[in-house]
Amino acid sequence: MFKRDLKLFFKCLVSGSVLLIILTVICLGAAAVMSDADSSHKLITVAVVDNEDSVLSRILINAIMNTDYLSRLLIAEKTDETTAMRMLADKEAAAVFILPDGFLDDIYSGRESYGKVYLSSALSAQADIVRSAIHFGEKLLISGQNGVFAAANVLQENRITGDSYSTYMTRINTRILAEALAANDRYFAVETIDCGTATTTEGHYILCWTVFFLIMISLFFVPLFLTDRTHALLARLTALGVTDVQFMATKLFLMFAVRLIIILSLVPFGVVQATTPGQIICILLCAAFLTLICACLSMCVRDPISAVFVTATSGIFLSGGLIPPRLLPGIIVRLASFTPYGAAKALLAPTFRAPLDLSGIICALLYAAFAVLLISHNLKTVRIGGGVDD
């Protein structure tokens, strides 16, 4: 059986090699396009128009934008108002900040000063982040200014005016600006949390398309499982003492090896992590699980081609491999883990630094056991003459 299975395997491999290469290119291209389309880790660009353009205003803007929590979120490009508005219209900037001439003098004298902020409706998600940052800054500034105005009222009530009043306002506002610029180091403990257990956007899409590809390659190897599945051959093999396990062993091993090679080929590129025993076990289990499931679809379904296609395409849709998960209802994404596709994805997920999905792993065990029972029942039915004819 080994030589015959090997001959069938290479025949399927040669006949499907061109389509296999095309499918590989499509999967890799689709994963790259989708991950780029949904990329959410890029820095947000904002255009800053400084109409005052003084030495102090330039220092102030640079100091604010270089604080840790803003430099990791925003990129500020200083430009004129015309260019800034063009950047906003062309989706090159999520927001435009226009600082009026004399705004620093207004701060020092205690007068309320207003700039203008334009947010992009086309980049709504980025604009929301900018809006939240603005509101946070406003609350800090208002808190400080309220203290200044309260003290100024006390001075005025006590008829302290003229130079004494101006000196106080200048000193206290200078102190507020200095405290604001030092807030990053003095008042905020900025920590970077290791989120190594969560997959990136790119990792999510590559994981989805990898599982999709591992299922779809079954389309080229259906003859490996069906050619010898005849009543006459199985009856002769039974008479020779060849069991169902021996009949299936080589076929399953060859397909397991193909899937294992495909997964391991992603390791050198840093896509799949295989540095721990647990991750290696996950790779082996995923390859074995999909081999069993796809063998079952090839042997136990009237139209195996359609069955494989539906399993792969429905799974990648429900798992958020075609439409970004954030655009899908939560219940849809959750239901995906209970499909054969989702179970395979759950097994392979830890190699993409994603957390373990216990429900998906349990489903994988149940699906595997069910697939073994179906394959065994199918071979028994054919062997006794109730299945495929000669």
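Our subject in this report is the structure included herewith. (Residues numbered from 1 in each chain as written. Predicted model: local features only at pLDDT ≥ 70, side-chain atom pairs only at ≥ 80, totals over all residues. Heavy atoms only, no water.)

So, the pattern of salt bridges
Per the counting criterion, the structure on display carries seven salt bridges. Residues participating in the shared-partner salt-bridge network are Arg 4, Asp 5, Asp 228 and Lys 251. (Salt bridge = Lys/Arg side-chain N within 4 Å of Asp/Glu carboxyl O.)

Considerations on the nonpolar core
The biggest cluster of nonpolar side chains holds 60 residues, and the ones touching the most others in it are Ile 215, Phe 289 and Leu 348. At 11 residues, helix H13 (residues 277–300) tops the list of elements feeding residues into this core. Excluding its chain neighbours within four sequence positions, the residues that come into contact with Ile 215 are Arg 259, Leu 290, Cys 294, Val 308, Thr 311, Ala 312 and Tyr 341. With eight residues, the next largest nonpolar core counts Ala 47, Val 49, Ala 93 and Val 96 among its residues. (Core = buried A, V, L, I, M, F, W, Y, C linked by side-chain atoms within 4.5 Å. Buried < 20%, exposed > 50% of the residue type's maximum accessible area, 1.4 Å probe, protein only. Helix = DSSP H or I, 4+ residues; strand = E, 2+ residues; numbered from the N terminus. Contact = heavy atoms within 4.5 Å.)

Re the packing of H13 against helix H16 (residues 340–348)
Interaxial distance between H13 and H16 falls to 8 Å at its minimum, and their mutual angle equals 160 degrees. Classified by the angle between their axes, H13 and H16 sit roughly antiparallel to one another. Considering how the two elements wind past one another, H13 and H16 form a crossing that is left-handed. Along the contact surface, H13 presents Cys 282, Ile 283, Leu 285, Cys 286, Phe 289, Leu 290 and Ile 293, while H16 presents Pro 340, Ala 343, Ala 344, Leu 347 and Leu 348. Tallied by class, residues from the contact of H13 with H16 come to 12 nonpolar, no polar and no charged. (Axes fitted to C-alpha atoms, helices over the stretch in contact; angles between N-to-C directions. Parallel < 35°, antiparallel > 145°, perpendicular 65-115°, else oblique. Left-handed = near helix turned anticlockwise from the far one by under 90°. Nonpolar A, V, L, I, M, F, W, Y, C, P; charged D, E, K, R; others polar.)

By themselves, these are just geometric observations and shouldn't be taken as functional.
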